[in-house]
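Here is how the chains run, residue by residue.
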Amino acid sequence: MIRDRLNISRLAIKYSWLTICFWLAITVAGLLAFSSLKYALFPDITFPVVVVNSTADFSTAEETENQLTIPIEKQLQSLERLDDLRSSTYPGRAVINVSFTVGTNIESSVEQVKTALSEVKLPDTANFEVIPVNLNESAAVSYAIKSDSFDLNRLTEIAATTIIPKITNLPGVLRVDLLGNGTQLSATELSSPATLVRFNGENALAFQVIKESQANTLEVVSSVADLVTNLQTELPEIELTLAATQADYIREATQATIDALILAIVLAVVVIFVFLRNWQATLITALAIPISLLGTFIIMAIAGFNLETITLLALALVIGIIVDDAIVDVENIMRHIEAGETPKQAAISATNEIGLTVSASTLTIVAVFLPVAFMGGTIGQFFKPFGLTVSAAVLFSLLVARTLSPVLAVYWLKGTSDRGLGNGKLEDKGDKLNNFERSYRNLLQWSLNHRKIVVAIALFSFVSGIALIPLIPKGFIPKLDRGEFNIVYTTALPQLPENVNPQVTNPESNSIVNQETEVTNQDSENSLFGEGSFDWLVNIAKSPTKVLLTRTRKVGEQLEAVVLNLPEVESVYTVVGVRGEPNRGRLYVRLKRDRANSTTEIQDQLRTSLPQLENVTTSIEDLQFIELESTKPLQVAFLGNNSEQLPEIAQKVKAKLEEIPGFADLTASGEDDNQGIERLNNQPVAYLSANLNDNLALGEATDKVVAIAKPILPPNVILDLKGDSGISNHVLKNFTGTITLAVICMLGLLLLLFGRLLEPIVVGLSLPLSIVGAMLALLLTQSDFGMISLIGLIFLIGLLDKNALLLMDYANQLRQQGLNRREAILRTGTVRLRPILMTTASTILGMLPLAVGLGAGAELRQPMAVAIIGGLITSTLLSLIVVPILYTLLEDFGKFKPRIKADKHG
């Protein structure tokens, strides 16, 4: 019989010392594995991008597009594992960004591109450069370099010869960029872009440490900090100040999650003790948590995972499941002991009785979460650590509950022959029910007599839950209050007056600039930078990069003055010449920890107080966990065949959105006269992008954009969502397929274990019972319905499945012993009420520290916990009534005959 085959507890008890030694070995190995795990913010994911930079002797963007961009795109579109193909075309230059699917080897991608380009026919004057970009090779930390004793040139020399080489040699460091030098700097193993730097309102130098893709951010930052301390002693006349790092937030966020995890364990144990009122039983149950987690750490270490937001969420999530398995086993053993059995007899008979239920429910949870680990695309790679961590944890919890917990029960629990019935036979408690149990039994009895009303209530709750979904704010990942953000700004490239035609023979030498026409300052904006004057034209002709950097820095100084005036601001680190573009600047703003206002509130305040400078666009943006090109959460692509028509459409939609509150920093293609032609996946494209204020959710903003754009779009233009909007839609579609697959796997496994369709169908029909509570909780707390809350819903599927199986399996056993169906259901309800309430209460309290939303990164953890708590409350209350009713209805009307002749429905 399958129940006997799944009862490995009998073997564990027989070879108890072997069982104990095995788990001691797991404990030691788990501690070693835990010590090897590294802290991170998100999983290590390789984002391979290859940039093709091609130039040719063309004078217009249109000619360059036809002769250069399109032929290259056609050649690249058939590459293996190609994800995205974007291009920007300027007169005489084409930049093509080739994005490959996540996890693709960057070296092989480069070779693919080079091989493809070697076969394309380009004009004779054309040449190209292939540049690999691993977006996971991000800036780990930046330090400002200042000195009262040395001028900029001497400071640059010291930094290039003394500071940079030592930091470059540190493990995990890919390269170190020296910023603020103003011109291209070349030294031994050092090549940095031309930039200008300011820190807290003063000109400075800075060095930026780029980590290797596989290196751990915290380890790199820590080793750099140690070396900087030593350098500060060696170079007392130079001041090295931390300017920017993500390490502090990573530490705070991971520690906050770990704190919540520990508190969840404590609260779960307290609940167990309140129900069992036996410290030995509580200890046996509580031990399952750390031992299961230590076993999980072994799998995480083998798989190369980190302790980061996603895996820590997984560990916090499984606390309830881990406790559930142990609770069900230990509670059932205690029930048998109270009936008069010896601890050993109780352990064998109780685990035999409950083994199929515990094994089936845990294996179905694995069946639910494994598909999450193997979702496709970027999201799939992102959640691979999540799905595997959850699966490993629940499998270890099953092993602990089926082996270690019964063995410890034999040794630690005391026989109570003088308590309970005392004859070793489990019978209905009858008059011994407490008031709560009696009330539940009466309600269950009423429900069996009014099955249609119960089904109607269940259907109403499901429909209500679905109806609440449009009212809930929707997003991809909740906005984090990180206490840091960027202000990105771009200045328009200078336009020479029509009556000026400077002739430069050699900009690097002291050549003469012939100027025949007197030029005067033309407007206030030009006079700010000296533009339009003869001297300015001479300077820009001689050294265009340096002049543009100086011009862009002046804009940054004006923005800094406003930002530094805010009392919540701790520091401002400005880099001019971002990504090698001298007309682009970025202010990294770091806020004080003890501030009164949130990051979002300060951002909104700055949007109204920053100066509105002519020919300058500013954007206040959240930090991304991967340094992609500046991408705002809302981005819409307009695709069509007419490259001149698309920017006009984007600007029309932008003009209408500017009238709607909530949209900020709106930009559209075609606003900059210097822009070239943009293409996406072999089609002309125009982009519209925006940041969002705190009172406008991403889902609502996306709906508004689509509603405004649709009447404007001609039939030949397609609207495509990009940025977080596109990712959010992609996640919802992927999760729909994933949940469907998970449910099919779960029901298929139940069919295999139970041998008939009744139990799987009851489980399948009872799954929606959690929807109403989850949606209501998200609505009341205004938490996002997105990727994180969807994880909570998947978890609820697994937990509700466990409750349903606990009820149905025991009812089947009682019927096999001769009870009629009605009495079996009533007795099952009262017997299984305590373990179900225990598991629900322990899981809810375990989620409470995450739901409260304390500590760094709380916004990321909160929606999941809120959805689980709300869903558990309604699903538990409904499943205690609805599952037995569905069980009887399906058996009566679905031709599911009982598998034993002795049973009478009753």
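Keep in mind the model is a prediction, meaning the values are calculated, not measured.

1. Brief notes about the packing of helix α8 (residues 247–276) against helix α25 (residues 821–852)
Here comes step 1: Relative to each other, α8 and α25 sit at 155°, their axes nearing to 8 Å. Judged by the angle between their axes, α8 and α25 are roughly antiparallel. Relative to α25, α8 is oriented so that their crossing is right-handed. Contact residues: A260, L263, A264, L267, A268, V271, I272, F275 and L276 in α8; R834, L837, M838, A841, S842, L845, G846, P849 and L850 in α25.
Here comes step 2: Of the residues belonging to the contact of α8 with α25, the class tally is 15 nonpolar, 2 polar and 1 charged.

2. Examining the nonpolar core
Here comes step 1: Judged by nonpolar contacts, the single largest core of 180 residues is most densely connected at I145, I167, F207, V224 and F386.
Here comes step 2: Among the elements that take part in this core, helix α10 (residues 309–338) stands out by supplying 19 residues, more than any other.
Here comes step 3: Those residues within four positions of F386 in sequence are excluded, and the remaining contacts are I310, L313, A314, L317, F369, V372 and I791.
Here comes step 4: L646, F663, L688 and L698 belong to the second largest nonpolar core, which has 24 residues in total.

3. Things to note about the pattern of salt bridges
Here comes step 1: Going through the model one piece at a time under the given rule, you end up with 31 salt bridges.
Here comes step 2: Two residues, R175 and D177, come together in a salt bridge whose shortest N-O distance is 3.1 Å.
Here comes step 3: Note on R175: relative accessible area 39%, which makes it partly exposed.
Here comes step 4: The salt bridge partner of R335 is E353, with a shortest N-O separation of 2.8 Å.

4. Regarding the packing of aromatic side chains
Here comes step 1: The full count for this structure, using the stated rule, is 5 aromatic pairs.
Here comes step 2: Centre to centre, the rings of W17 and Y411 are 6.3 Å apart; their planes meet at 55°, and the pair counts as tilted. In this pair, W17 is assigned in helix α3 (residues 16–36) and Y411 in helix α12 (residues 377–412), connecting sequence segments 394 residues apart.
Here comes step 3: Overall, the relative accessible area of 41% leaves Y411 in the partly exposed class.
Here comes step 4: Each ring, one from Y143 and one from F207, has its centre 5.4 Å from the other, and the planes form 20°; the classification is stacked. Taken as a pair, Y143 in strand β5 (residues 139–146) and F207 in strand β10 (residues 202–211) lie far apart in primary sequence, 64 residues in all. Comparing Y143 with F207 shows no difference in burial state: the two are buried.
Here comes step 5: Three or more aromatic residues joined by ring pairs form one cluster here, namely F22, W23 and F396.
Here comes step 6: Between R154 and the ring centre of F150, over which it is positioned, the NZ or CZ distance is 5.9 Å.
Here comes step 7: A cation over an aromatic ring shows up here: R482 above the ring of Y249, its NZ or CZ 4.5 Å from the ring centre.

5. Some words on helix α24 (residues 787–816)
Here comes step 1: Between the first and last C-alpha of α24 there are 44 Å, a value that for 30 residues agrees with the 44 Å anticipated at 1.5 Å per step.
Here comes step 2: Taken across its 30 residues, α24 has 29 buried, putting it largely inside the fold.
Here comes step 3: Remark: G818 follows α24 within two positions and exhibits a positive phi of approximately 115°.

6. Details of the confidence of the model for the protein chain
Here comes step 1: Of all residues in the protein chain, 85% attain a pLDDT of 70 or more, and the chain-wide mean is 80.
Here comes step 2: Of all secondary-structure elements in the protein chain, the lowest mean pLDDT belongs to strand β7 (residues 185–187), at 42, while α3 reaches the highest, 93.
Here comes step 3: Low pLDDT, under 50, characterises residues 184–190; the predicted model gives this stretch 13 contacts beyond four residues in sequence or across chains.

7. Some thoughts on α25
Here comes step 1: End to end, α25 covers 43 Å across 32 residues, agreeing with the expected 46 Å (1.5 Å per residue, within 8%).
Here comes step 2: The sharpest bend along α25 comes to roughly 40°, located at R832, with the proline P835 sitting one to four residues further on.
Here comes step 3: For α25, the capping residue at the N-terminal end is N820, with a side-chain oxygen 3.2 Å from the backbone nitrogen of R822.

8. Description of the environment of A139
Here comes step 1: Looking at the secondary structure, you find A139 in strand β5.
Here comes step 2: Between the C-alpha atoms of A139 and R175, which are 36 residues apart in sequence, the distance is 9.6 Å.

Conventions adopted
Residues numbered from 1 in each chain as written. Predicted model: local features only at pLDDT ≥ 70, side-chain atom pairs only at ≥ 80, totals over all residues. Heavy atoms only, no water. Axes fitted to C-alpha atoms, helices over the stretch in contact; angles between N-to-C directions. Helix = DSSP H or I, 4+ residues; strand = E, 2+ residues; numbered from the N terminus. Parallel < 35°, antiparallel > 145°, perpendicular 65-115°, else oblique. Left-handed = near helix turned anticlockwise from the far one by under 90°. Contact = heavy atoms within 4.5 Å. Nonpolar A, V, L, I, M, F, W, Y, C, P; charged D, E, K, R; others polar. Core = buried A, V, L, I, M, F, W, Y, C linked by side-chain atoms within 4.5 Å. Buried < 20%, exposed > 50% of the residue type's maximum accessible area, 1.4 Å probe, protein only. Salt bridge = Lys/Arg side-chain N within 4 Å of Asp/Glu carboxyl O. Phe/Tyr/Trp six-rings, centres within 6.5 Å; stacked < 30°, edge-to-face > 60°. Lys NZ or Arg CZ within 6 Å of the ring centre and 35° of its normal. Expected span 1.5 Å × (residues − 1). pLDDT = per-residue confidence, 0-100. Bend = angle between axes of the 7 residues up to and from the residue. Polar contact = N/O pair within 3.5 Å; in protein donor to acceptor, adjacent residues only side chain to side chain.

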